[in-house]
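Understanding the architecture of this molecule
If you want the building blocks of each chain, they are given just below.
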Amino acid sequence: NALGFLANVLECDEYKVDLAAELSTRASRRAPTATGDQEMSAAAVAEAAGVLGGFFTAERCRGLLDFCVHTLLPLRAPDLEEWADDAEGFHLTQLSLGADESPRAAAEKLVHALVSSSPGGRQSSGGTGSDLAPLLAHLVTGGEAAAQLTAAAALE
């Protein structure tokens, strides 16, 4: 659930600096919260964006991406066996799982959120968005990913 939470935070429009700029032209905006709609001021949005920028540093984003790609996303032996028995069924099952049902689905959601975050959309975002796309490409085309592809090919 922690990975899903991080992804949701990254994707939340209410925490973006762009919203703070929009609010600078008007007093506030209503935003949905767990306790109902609340008024948000430009200062509150800017403060939230600053906190996120401090948390989602370049180093932390690279670490999260690396953890997802090397630890949570690789298929394990039981996954490969299930895939070999029924590739389409395995794929459909994986697609149907939500981030709260599967660590792999949560990792996919977080990787998407990290890579699709706009670098200019947060103060001090440092390592999100397009900065991570080349790293993701490197992680999935080298080393362990290549070995996994070789292992999958051997099963055919």
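Just above sits the structure.
Just so we're clear, the structure is a prediction, and the values are computed from it rather than from any experiment.

So, about the overall build of the chain. In terms of helices and strands, the chain carries nine helices and two strands. Ordered by position from the N terminus, the helices and strands of the chain form the series α-α-β-β-α-α-α-α-α-α-α. Expressed as a percentage of its 156 residues, the buried residues of the chain come to 33%. Total accessible area on the chain stands at roughly 8900 Å², and carbon and sulfur atoms take up 57% of it.

Attention now goes to helix α6 (residues 87–96). Within an α-helix, residues lying three or four positions from one another point in the same direction, as the helix has 3.6 residues per turn. Along α6, the residues classified as buried are G89, F90 and Q94. Seen along its axis, α6 keeps its buried residues to an arc of 135 degrees; they face one direction. Exposed positions of α6 whose direction lies more than 90 degrees from the buried face are E88, L95 and S96. Where α6 is buried, its residues touch α5 (77–85) and α7 (103–116).

So, on to the nonpolar core. Core analysis: the biggest nonpolar cluster contains 22 residues, and L3, L10, F56, L64, L65, L110 and L114 have the highest contact counts within it. Looking at this core, the elements that each hand over two or more residues are α1 (2–11), α4 (58–72), α7 and α8 (133–141).

Counted according to the given criterion, the structure contains one salt bridge. R104 is the partner of D79 in a salt bridge, and the nearest nitrogen-oxygen pair spans 2.7 Å. With a gap of 25 residues between them, D79 in helix α5 and R104 in helix α7 connect regions that are remote in the sequence. Each of the two residues, D79 as well as R104, counts as buried.

Rules of the game
- Residues numbered from 1 in each chain as written.
- Predicted model: local features only at pLDDT ≥ 70, side-chain atom pairs only at ≥ 80, totals over all residues.
- Heavy atoms only, no water.
- Helix = DSSP H or I, 4+ residues; strand = E, 2+ residues; numbered from the N terminus.
- Buried < 20%, exposed > 50% of the residue type's maximum accessible area, 1.4 Å probe, protein only.
- Areas by Shrake-Rupley, 256 points an atom, 1.4 Å probe, with all protein chains shown as cover.
- Arc of directions from axis to C-beta.
- Contact = heavy atoms within 4.5 Å.
- Core = buried A, V, L, I, M, F, W, Y, C linked by side-chain atoms within 4.5 Å.
- Salt bridge = Lys/Arg side-chain N within 4 Å of Asp/Glu carboxyl O.

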